[in-house]
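# Observations on the model geometry
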Amino acid sequence: MQPGASSVPVLDLGGILLISIQGELPDDAAVDLRTDVTLAVSETGARGVIIDISGLDMVDSFLARVLAEVAASARLLAAQAVLVGMRPSVAITLVELGLALPGLETSRTVIEAASRFGVEIRDRGDQPAARGTDRTPT
Amino acid sequence: MSTDERATVSLPVRNDADLMTVRQRVRTLAQELGFGLVQQTKLVTAASELARNTLIHGGGGSVTVDAVSDAQGRDGLTLTFRDEGSGITDVDRALRDGYSTAGGLGMGLSGSKRLVHEFSVDTALGEGTTVSVTLWRGHASHGPR
Ligand SMILES: Nc1ncnc2c1ncn2[C@@H]1O[C@H](COP(=O)(O)OP(=O)(O)OP(=O)(O)O)[C@@H](O)[C@H]1O
Ligand SMILES: [Mg+2]
């Protein structure tokens with residue numbers, strides 16, 4: 001699927017969409033992401049939307065709100081959003097900030113999230129399943 | 001607080017791209033000062049919230065980052081956000097969870113306060129707002145270590 005205005009790639013895994021947010025996301029791209037995902041859900045009829053944030057070293061209230069809104073629009077189109085890969089340091093900070101994101105479903109890995117929708121992703125070994133860790137990239 | 005200033009970095013907060021620069025610079029400075037990963041993340045997140053307030057509510061301004069240390073020899077970083085916007089009408093209300101005059105979540109100011117050790121707001125209607133925060137290295141932000 002063509003990247004939309006947000007430039008965050010939306011992958012169609014056959015019935016579910018995988019969105020991997022890599023690194024810094026400017027505010028306008030975060031807002032565009034909401035539109036991109038909503039359009040992609042309606043075009044593909046996806047049942048699930050997996051949002052992988054293992055690449056993010058920070059989530060502030062602005063991005064938290066965008067993630068919650070992505071999930072809310074997906075739900076209105078009968079798709080379920082699942083957040084995957086939050087780093088422990090990000091989780092601690094978000095809770096202290098007062099944003100525990102209660103409306104968002106979470107899974108540990110993309111594989112686990114996909115299996116909720118009956119989609120099996122085989123771990124090829126060469127691509128470790130995204131999982132939020134605080135290991136700094138070397 | 002008695003502090004001796006060692007390094008000052010000043011950054012503009014005028015647009016979206018500046019917010020990213022602020023986050024990156026604060027992250028780098030916190031790393032250089034030996035802050036742990038959780039502390040880095042807390043400070044960067046507070047910086048992002050406060051810089052966005054400077055931009056959106058204050059009409060833009062600047063942030064200065066100071067490496068500081070206190071009488072006990074603790075090292076820390078102080079971030080000072082300044083704007084010349086409309087000021088905050090009621091600081092107590094603005095510091096309440098969920099209070100927003102802009103349709104936001106209203107967690108930026110109150111949440112940032114929880115992420116740091118020291119937090120102060122200086123504001124005057126029609127003149128602007130200065131928010132200053134400090135995080136000391138290797139010290140839990142709540143209670144005694
Ligand atoms: N620099 C500033 N200048 C003027 N008003 C401000 C400033 N910073 C904060 N405020 C006021 O304080 C309120 C609360 O700020 P806070 O950051 O908590 O919430 P918000 O910015 O409205 O929403 P968000 O949760 O997205 O940050 C704002 O809505 C605004 O009215
Ligand atoms: Mg705010």
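See the structure shown above.
Criteria and thresholds
Residues numbered from 1 in each chain as written. Chains lettered and ligands numbered in written order. Predicted model: local features only at pLDDT ≥ 70, side-chain atom pairs only at ≥ 80, totals over all residues. Heavy atoms only, no water. Salt bridge = Lys/Arg side-chain N within 4 Å of Asp/Glu carboxyl O. Helix = DSSP H or I, 4+ residues; strand = E, 2+ residues; numbered from the N terminus. Buried < 20%, exposed > 50% of the residue type's maximum accessible area, 1.4 Å probe, protein only. Near = heavy atom within 4 Å. Polar contact = N/O pair within 3.5 Å; in protein donor to acceptor, adjacent residues only side chain to side chain. Areas by Shrake-Rupley, 256 points an atom, 1.4 Å probe, with all protein chains shown as cover. 1 Å grid on protein atoms, 1.4 Å probe; cavity = no way out; pocket = protein on both sides within 12 Å on 5 of 7 lines; lining within 4 Å. Sits in = over half its atoms within 2 Å of the grid points. Nonpolar A, V, L, I, M, F, W, Y, C, P; charged D, E, K, R; others polar. Points joined across faces, edges and corners; volume = space filled by probe spheres on them.

Side chains that differ in sign of charge can pair as their charged atoms come close. One pass over the structure, following the stated rule, counts 13 salt bridges over all chains. The shortest N-O distance in the salt bridge between Glu24 of chain A and Arg23 of chain B comes to 3.1 Å. Of the two residues, Glu24 of chain A is situated in the loop between β2 (16–22) and α1 (27–44) and Arg23 of chain B in helix α1 (residues 16–32); the pairing between them involves two chains. Using a relative accessible area of 29% as the deciding quantity, one classes Glu24 of chain A as partly exposed. Residue Asp60 of chain A is joined to Arg23 of chain B by a salt bridge in which the shortest nitrogen-to-oxygen separation is 3.8 Å. Residue Asp60 of chain A is found in the loop between β3 (48–55) and α2 (61–76), and its partner Arg23 of chain B is found in helix α1; the two belong to separate chains. Judged by relative accessible area, Asp60 of chain A falls into the buried class, the value being 2%. What makes Arg23 of chain B buried here is its relative accessible area of 4%. It is possible to trace a salt-bridge network through shared partners that takes in Glu24, Asp27 and Asp60 of chain A together with Arg23 and Arg52 of chain B.

Residues in contact with ligand 1 amount to 20 residues; listed here are only the nearest, Asn53, His57, Ser100, Thr101 and Gly106 of chain B. One finds residues of chains A and B in close proximity to ligand 1. Measuring from an oxygen atom of ligand 1, one finds a backbone N or O atom of Gly106 of chain B at 2.8 Å. Calculation on ligand 1 without its partners gives an accessible area of 600 Å², and the protein chains cover 92% of this total. Here ligand 1 is seated within the largest pocket. Where the shell around ligand 1 is concerned, the elements lending two or more residues are α2 (37–56) and α4 (108–115) of chain B. Tallied by class, the residues present in the shell around ligand 1 amount to seven nonpolar, 11 polar and two charged.

What follows concerns empty space enclosed by the protein. A complete count under the given rule lists one cavity of 30 Å³ or more for this structure. Taken as a whole, the largest cavity encloses approximately 110 Å³ of empty space. Gly23, Glu24, Leu25, Asp27, Leu56, Asp57, Met58, Asp60, Phe62 and Leu63 of chain A together with Arg23 and Arg52 of chain B are the residues that line the largest cavity. Its residues assigned to classes, the lining of the largest cavity shows five nonpolar, one polar and six charged.

This part is about the layout of surface pockets. Looking at the largest pocket, its volume works out to about 830 Å³. Along its surface, the largest pocket is lined by 36 residues, and Asn53, His57, Ser100, Thr101 and Ala102 of chain B are the ones closest to its centre. Contributions of two or more residues to the lining of the largest pocket are made by α1 and α2 of chain A together with α2, β3 (75–83), α4 and β5 (128–136) of chain B. Per element, the largest residue contribution to the lining of the largest pocket is six residues, and it comes from α2 of chain B.

Take it as geometry only, folks, not as evidence of what the structure does.
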